[in-house]
Number of protein chains: 2
Amino acid sequence: METAFKAINDVTRREILQFLIQGPQNAGQIAKQFDMTKPSISHHLDLLKQAQLIDAVKKGQFIHYSLNKKGFESIHQWFQGFAQHFEFPKPKIRL
Amino acid sequence: METAFKAINDVTRREILQFLIQGPQNAGQIAKQFDMTKPSISHHLDLLKQAQLIDAVKKGQFIHYSLNKKGFESIHQWFQGFAQHFEFPKPKIRL
DNA sequence: TAAATAATTAGGCGAATATCTAATTAATAT
DNA sequence: ATATTAATTAGATATTCGCCTAATTATTTA
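Description of the structure in this document. (Residues numbered from 1 in each chain as written. Chains lettered and ligands numbered in written order. Predicted model: local features only at pLDDT ≥ 70, side-chain atom pairs only at ≥ 80, totals over all residues. Heavy atoms only, no water.)

Turning to the interface of chain B and chain A, a few remarks are in order. Facing 33 residues of chain B, the contacting portion of chain A comprises 33 residues. Here chain B meets chain A over a buried area of about 3400 Å², counting both sides, of which 68% is carbon and sulfur. Together, B:R14, B:F82 and B:F86 form the three largest contributors to the area buried by chain B at its contact with chain A, with a combined 17%. A salt bridge links A:R14 to B:E2, with the shortest nitrogen-to-oxygen separation between them at 2.9 Å. Linking chain B to chain A there are four residue pairs in polar contact (both at pLDDT 80 or more). Residue assignment for the side of chain B that touches chain A shows that the elements contributing at least two residues are helix 1 (2-8), helix 2 (11-20) and helix 5 (69-83) of chain B. Looking at the side of chain B that touches chain A element by element, the count peaks at ten residues for helix 5 of chain B. Class assignment of the residues belonging to the side of chain B that touches chain A gives a composition of 17 nonpolar, eight polar and eight charged. (Contact = heavy atoms within 4.5 Å. Buried area = accessible area lost by both parts, 1.4 Å probe. Salt bridge = Lys/Arg side-chain N within 4 Å of Asp/Glu carboxyl O. Polar contact = N/O pair within 3.5 Å; in protein donor to acceptor, adjacent residues only side chain to side chain. Helix = DSSP H or I, 4+ residues; strand = E, 2+ residues; numbered from the N terminus. Nonpolar A, V, L, I, M, F, W, Y, C, P; charged D, E, K, R; others polar.)

In structure tokens, the structure reads:
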């Protein structure tokens, strides 16, 4: 849980997560979205992976990254402790 | 929003929030809960206040701190963007 | 008004973080 | 086999963060 909070405490990493909402992307495709070197992005991906916010699957010379439910769950769980004290606006459409 | 993520990226600050679930507490009462000097706690309270995760009300020489819905909402909102891609377990009791 | 209490502000220091360049590993293609 | 491409690992550096002690501000009480 510690690692998840750490991971989302960075704009770039949050933007990577945001980007992955559209679906899995390899490291190069992700790096292209940002004005930052590939090694830096690689490091961010590593932290996100450690936090289980993303998954990595190697396909040949590419590595496909995608969102991982697990990390989000741990954040969600923490959040629920407070949700009971506040009432939050529900999204228009509940899937 | 940036400030909210920053604020919750620290164990002590998260524990302060947790402690405030039981109700408003003044700075001294909060500081007593932690093995840390008052100035350090004061700094943490300042960051939580900036993130609008807590409110501060001065009553005489005391300052009463309490949870503030606003900061939690901004985190919640960010989270909703991902909640639509994952299905999260709902709490047993919905208030 | 002087002493005590509650809390913050200021300044300093070591540890952690984000970024870069250079080097390395691994897979594909010529 | 060699060159190319995708990506990571390693090492260096500047900045941010969390904590401390000392000093300051503000309020209450004797």
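Before going further, it helps to examine the protein's contact with DNA strand D. If you check the shell around DNA strand D, you find 23 residues, and the closest are A:G28, A:S42, A:Y65, B:S40 and B:H44. Restricting the count to atoms of DNA strand D within 4 Å of the protein gives a sugar and phosphate share of 78%. At a separation of 3.3 Å, a phosphate oxygen of DNA strand D approaches a polar backbone atom of A:A27. Interatomic distance of 2.6 Å between a backbone N/O atom of A:G28 and a phosphate oxygen of DNA strand D. (Near = heavy atom within 4 Å.)

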